[in-house]
Amino acid sequence: MRYCYAILLLFVPSLTFAQAAEPVFIEAESFADKGGWVVDQQYMDVMGSPVLLAHGMGEPVADAVTEIVLPQTGKYNVFVRTRNWVAPWTPQYAPGKFQMSVNGQTLETVFGTEGDPWHWQNGGTVDIKDTKTKMALHDLTGFDGRLDAIVFAQDPNYTPPEDVKAIDKIRRKTLNLAATPLDAPPAKEGHFDLIVVGGGIAGICSAISAARLDCKVALIQNRPTLGGNNSSEVRVHLQGRVGYPPYPNLGNLVHELDPQHEGNAQPGEYYKDDKKLNAVKAEKNITLYLNTHIIAAETEKDSENSVKIVSIVGKNIETGVETKLTGKLFADCSGDGNLGFLAGADWRMGRESKAETREDLAPENSDKMTMGASVQWYSVPAKDKDGQSVKTEFPPLPWAHQFTHESAQPMIKGDWDWETGLNDDQVWDIERIRDNGLRAAYGHWAYMKNQSEAKWREQADNRKLGWVAFIAGKRESRRLMGDVILQEQDLVQREIYPDASFVTTWSIDLHYPESRNEKHFSGEAFRTIAKHKGIQAYAVPYRTLYSRNVSNLFMAGRCISVTHVALGTIRVMRTSGMMGEVVGMAASLAVKNDTVPRKVYEKHLNELKALMEKGIAPKPEKYWHSAQPRISQPVKKATPPAWLPKAGKNLARNAEVAVSSLYKGTEKGILYPALNINDGKFDIGSNAGRWVSDKTDNLKANPHWVELKFAEPAEINALRLVSGQLGGATPIQDFVLQYNDGAKWVDITGSKTESNNEPDIGKRFAAVKSSAFRLVITATPENLARIWELELYKTEN
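Counting of residues starts from 1 at the beginning of each chain's written sequence and follows it residue by residue. Reporting of local features is limited, given that this is a predicted model, to residues whose pLDDT is at least 70; pairs of side-chain atoms are given and counted only at 80 or more, and all residues count toward the totals for whole chains, interfaces and linings. Only hydrogens and water are removed before side-chain values are computed, so all heavy atoms of the structure are retained for them.

**Q** Teacher, can you tell me more about the overall build of the chain here?
**A** Every helix listed is a DSSP run of H or I at least four residues long, and every strand listed is a run of E at least two residues long, numbered separately from the N terminus. Within the chain, the secondary structure is distributed over 15 helices and 36 strands. Computed over the C-alpha atoms, the radius of gyration of the chain is 30 Å, within 12% of the 28 Å expected from 2.2 N^0.38 for a compact globule of 797 residues. Considering the chain as a whole, with its 797 residues, one finds that 59% of them fall into the buried category. The Shrake-Rupley method, run with a 1.4 Å probe sphere, supplies the accessible areas, and residue values consider only the shown protein chains as cover. Carbon and sulfur atoms provide 49% of the accessible area of the chain, an area that totals close to 31500 Å². Positive and negative side-chain charges of the chain, numbering 93 and 98 respectively, have mean locations separated by a distance of 4 Å. As defined in this context, the radius of gyration uses C-alpha atoms, and a globule is described by 2.2 Å times the residue total to the power 0.38. Only protein chains enter the accessibility calculation, which uses a 1.4 Å probe; a residue is then buried when its area is under 20% of its type maximum, exposed when over 50%, and partly exposed in between. Counted as positive: Lys and Arg. Counted as negative: Asp and Glu. His and the chain ends are not counted at all. Positions of charges follow a simple convention, taking NZ of Lys, CZ of Arg, CG of Asp or CD of Glu.

What follows is the structure, given as structure tokens:
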């Protein structure tokens, strides 16, 4: 058993007998041994403190235990700040029940049962015989009971205040904190060149990039792990592509951090938290502050009468200790724009006017609608001690979402589309948003185990919940405004900026409520769909990466200067990592030239371009397969062959199609079947409607192929191939069309193509007549052939 006398004494005032009525305040997150309880800081800006959470997925977690020293013996009233977390929906139920024991005596009160708002629940009276007091929190359900703090009071008439500001005064007094956050003691490490707030992929890349360019950097992360959405706590894989012009060495650092694993909601070790942590610790110029949440920012006017940040204050989410950090430059990589918000930076949340012109990009023309936050989950096979499969039970949950055969689906895993809170504020409403996601995951599993039809129930009989996220995976909240606000028109019309920097390659990917789910769970929907609009690879201007009204504030990640629609493409994490690389480079120039981010654009842009050209990390010998292979030119706009309007009938529509393989990532290839190849329709803005091959290690020896077989011989002299993915990325590179002469396959002269980068390509050649044609593919990105349409024609000369 571990005790924490020194730390807990900081939480208890040094009292004399004359001061016996002074209440004793204990932060729940300060428990020395947290057992199976976890620290949750997601809504501490709303309620003033992190909380302890009993997240056991239906199985009670191990007790949290600690020891304090009370000022004297005697009787104390006990109060626990808690809430019934399902009260907003089903106040008659209370799943998050727990009890507390003091020196082995269990209080009769069951906590977490009395109502919706956070409040002080009276736990009754205890008689303290020894000032050295042992406390334990005993979870009763495993269903997310929670508490913020505990108060011991000898005055029988004392009741703790409910007002958050009043509670903060008590907290500050009893924790020996400064009267205000900005009076906190300075960090012992001294002044920093760059302070990065947020330890996701964008923040890590910002910090490492600046540190490798000789900046003294502080990296602040409000969780015990680095990686943000790509950590084991949220479990979203990296997306977006690197290696594109104009600066193909941007992304080399992202590659260093890449877990090299595809898939959401996978076992935690797949996300390689240690790889990210070790990368940061290897940099001598970085001071890492884990478990630290930013609660205040100090600003002043600079020499040009603009606002600049002087210092920020971080609060340790376990000890409560507050530290002031001073710096020349700051980078908000928090996702929520927390630092920018505290510093008074211009920001926006939600959708802009549909017109989305420059004049429409004003706060009054935006609304609350954002993309939601995912609460992913999965189940695992249940085994006994001998490794044999066993049936498991899971209780009916009347307080969770209630499913029927019409509203449920036979699922044993919840991916990104278990997303909720699209009409809520993703900052201030995050506890409710996350909790609604928990009600969905738990309710679905209860239905699968207890009420679903037999063939569904069989899938779940010998399984149990293996992981349910308690940290919500956010997509969108505050966006901080810069000198340029990237908008949809820039992407579609391919506006070229002089400060083009990192490249965004993901589609414009926006999420909306899934209609079936919305119908059955109106107002509390938790499933979404993604609507994709394909784009060509686009270099985003550097001026989206710094604040327009806080002179020394950079941004990287999903809080940069973009509209709601443009956020749909830049928000994926390989892309945000490249933003961080650029921010670190620009910060080094600002330090070197004693200037601010805007002046880097105005006076040192060529120096920044030189750094982007060089990159911050060595070029890898081989890229992880989901990264775009390096190409010499950007992907071009998809343009049909000039001869197509007069080409006549697409003869391939009459052929029987066969393929070398089907993509094994989908059940029997049903999402990407061969029949898509000659169905006569395609949408380059969607990944649907394609054939996708399985992977092959050596395409030269074992190429992919597509065969078109005709009932009667067909004469052709042209082909059209539409290939790749979303917006024309990753088209097939090397191919040749063959015909069958009755005995063997023969290459058609003039059809062979190498190093293709066109998603829509046409080839013309001398006429050939055969009953069978075959497209042979010997080079394609990631060794996956992706074809929307293969068309054959007999054109007029």
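**Q** So what exactly am I meant to see when it comes to the sheet that holds strand β9 (residues 132-139) here?
**A** In a beta sheet, neighbouring strands pair by backbone hydrogen bonds and run either parallel or antiparallel. Strand order across the open sheet formed by four strands is β4-β9-β6-β7, with antiparallel pairing between neighbours. What marks the edges here is a single partner per strand, and that holds for β4 (64-69) and β7 (105-106). Pairing between strands is defined by DSSP: at least two bridges between them are needed. With five bridges joining them, strand β6 (residues 98-102) and β9 adopt antiparallel strand pairing. Bridge pairing in β9 links Ser101 to Ala136.

**Q** Can you walk me through helix α4 (residues 201-212) in this structure?
**A** Note: α-helices contain 3.6 residues per turn, so residues at a spacing of three or four share the same orientation. Helix span, as expected, comes to 1.5 Å for every residue beyond the first. Along its 12 residues, α4 runs 16 Å from first to last C-alpha, staying within 8% of the 16 Å computed at 1.5 Å per residue. Among all positions of α4, only Ile201, Ala202, Gly203, Ile204, Cys205, Ser206, Ala207, Ile208, Ser209, Ala210 and Ala211 are buried. In the core, the buried residues of α4 are packed alongside β11 (192-197), β12 (217-220), α5 (252-257), α6 (273-281), β13 (286-289) and α13 (573-592). A positive backbone phi angle near 75° is found at Asp214, which sits one or two residues after α4. Contacts between residues were defined by any pair of non-hydrogen atoms, one from each residue, lying within 4.5 Å.

**Q** Mind showing me how you'd approach the packing of α4 against α6 here?
**A** The axes of two packed helices give the description: the angle between them and the distance between them. Note on method: axes are straight lines fitted to C-alpha atoms, helices fitted across the in-contact stretch only, with angles between N-to-C directions ranging 0 to 180 degrees. Two elements in contact, α4 and α6, have axes separated by 10 Å at closest approach and are oriented at 25°. By the angle class used here, α4 and α6 are roughly parallel. Pair α4 / α6 crosses with left-handed handedness. The residues of α6 that touch α4, namely those facing Ile201, Ile204 and Ile208, are Lys276, Ala279 and Val280. Amino acid classes used here: Ala, Val, Leu, Ile, Met, Phe, Trp, Tyr, Cys and Pro are nonpolar; Asp, Glu, Lys and Arg are charged; the rest, including Gly, are polar. Split by residue class, the contact of α4 with α6 holds five nonpolar, no polar and one charged. Geometric relationships in this document are graded by angle, where less than 35 degrees denotes roughly parallel, more than 145 denotes roughly antiparallel, 65 to 115 denotes roughly perpendicular, and other angles denote oblique. When the near helix sits turned anticlockwise from the far one by under a right angle, the crossing is termed left-handed; a clockwise turn instead gives a right-handed crossing.

**Q** Even after reading the chapter, I still don't get the nonpolar core, so can you show me in this structure?
**A** For soluble globular proteins, the rule of thumb is that nonpolar side chains tend to be buried together. The definition of a nonpolar core used throughout is a set of buried Ala, Val, Leu, Ile, Met, Phe, Trp, Tyr and Cys residues joined through side-chain atoms within 4.5 Å. Core analysis: the biggest nonpolar cluster contains 87 residues, and Ile312 and Phe554 have the highest contact counts within it. The element contributing the most residues to this core is α13, with 10 residues. With residues near it in sequence (within four places) discarded, Phe554 still touches Leu194, Leu329, Phe330, Ala331, Asp332, Tyr542, Leu545, Tyr546, Val583, Ala586, Ala587 and Pro597.

**Q** Just to check I follow, could you spell out empty space enclosed by the protein for this structure?
**A** In this approach a probe as big as a water molecule rolls over the atoms, and the regions it shows empty are the leftover space. For cavity detection a 1 Å grid was placed over the protein atoms alone, and a set of points counts as a cavity when a 1.4 Å probe fits there but cannot get out; an open set counts as a pocket when protein lies on both sides within 12 Å along at least five of seven lines, with lining residues being those that have an atom within 4 Å of a point. Grid points are joined across faces, edges and corners, and a volume is the space filled by probe spheres set on the points. As enumerated under the stated definition, the model contains two cavities of 30 Å³ or more in all. Space inside the largest cavity adds up to approximately 40 Å³. Taken together, Arg241, Val242, Gly243, Tyr244, Tyr247, Pro248, Leu250, Phe502, Val503 and Met578 make up the lining of the largest cavity. A per-class count over the lining of the largest cavity returns eight nonpolar, one polar and one charged.

**Q** How should I be thinking about a nonpolar patch on the surface in this particular structure?
**A** To count toward a patch, a residue needs a relative accessible area over 30% and no salt bridge; like charges are then connected within 9 Å, while nonpolar side chains (Val, Leu, Ile, Met, Phe, Trp, Tyr) are connected within 5 Å. Each reported salt bridge corresponds to a side-chain nitrogen of Lys or Arg within 4 Å of a carboxyl oxygen of Asp or Glu. Judged by side-chain polarity, Val46, Phe341, Leu342, Trp347 and Trp428 come together as a nonpolar surface patch covering roughly 410 Å² of accessible area. Tracing the sequence through the fold places Val46 in helix α2 (residues 44-47). Judged by its relative accessible area of 36%, Val46 falls in the partly exposed class.

**Q** It is not clear to me how unusual backbone geometry should be interpreted in this structure. Could you clarify?
**A** Where the residue is not glycine, phi is negative for most of them; where a peptide bond is considered, it is trans in most cases. Cis geometry is found at the peptide bond from Pro245 to Pro246, where omega equals 10°. With respect to the secondary-structure elements, Pro246 resides in the loop between β12 and α5. Despite not being glycine, Asp144 shows a phi value in the positive range, around 65°. Along the chain, Asp144 falls in strand β10 (residues 143-153). The backbone of Asp214 shows a phi angle near 75°, a positive value even though the residue is not glycine. Position of Asp214 among the secondary structure elements: in the loop between α4 and β12.

**Q** Quick question: what am I supposed to make of α6 here?
**A** Along α6, the positions that sit buried rather than exposed are Asp273, Lys276, Ala279 and Val280. Axial view of α6: buried residues confined to an arc of 135°, hence all on one face. Opposite the buried face of α6, by more than 90 degrees, sit the exposed residues Asp274 and Lys281. For α6, the elements touching its buried residues are α4, β12, α5 and β13. Think of the arc as the fan of directions from the helix axis to the C-beta atoms.

**Q** Would you mind showing me how to read the sheet that holds strand β22 (residues 463-468) here?
**A** Taken together, the three strands give an open sheet; going across it, the order is β20-β19-β22, and neighbouring strands pair in antiparallel fashion. Because the sheet does not close on itself, it has two edges, and the strands there are β20 (413-414) and β22. Here five bridges tie strand β19 (residues 377-381) to β22, and the two strands are oriented antiparallel to one another. Bridge assignment links Tyr378 to a residue of β22, and that residue is Trp467. Each of β19 and β22 touches helix α8 (residues 430-450); the most contacted strand, β22, lies at about 175° to it.

**Q** Got a minute to help me understand the pairing of strand β15 (residues 307-316) in this structure?
**A** Sheet topology places strand β14 (residues 292-301) next to β15; nine bridges connect them, and they run antiparallel. Note on β15: the bridge partner recorded for His293 is Lys315. Between β14 and β15, which pair antiparallel and follow one another directly, the connecting turn spans five residues, one of which, Asn305, has a positive phi of 65°. Across five bridges, β15 lies against strand β16 (residues 322-332) in antiparallel orientation. Counted as the bridge partner of Gly314 is Thr323 from β16. Counted along the chain from β15 to the antiparallel partner β16, the turn is five residues long, and its residue Gly320 has a positive phi close to 80°.

**Q** Would you take a moment to explain the pattern of salt bridges for this structure?
**A** Where side chains of opposite charge bring their charged atoms close, a pairing between them can arise. In the structure shown here, the tally under the stated rule is 49 salt bridges. Put simply, Arg83 and Glu431 hold a salt bridge, and the shortest N to O gap is 3.0 Å. Of this pair, Arg83 sits in the loop between β5 (74-82) and β6 while Glu431 sits in helix α8, and the two are 348 residues apart along the sequence. Classification of Glu431 by relative accessible area gives buried; the value is 10%. Lys533 is the salt-bridge partner of Glu488, the closest N and O atoms lying 2.7 Å from each other. On the criterion of sequence distance, the pair formed by Glu488 in helix α10 (residues 488-493) and Lys533 in strand β27 (residues 528-533) is long-range, its members being 45 residues apart. Within the structure, one salt-bridge network assembled from shared partners comprises Glu27, Arg81, Asp148, Asp168, Arg171, Arg172, Lys315 and Glu322.

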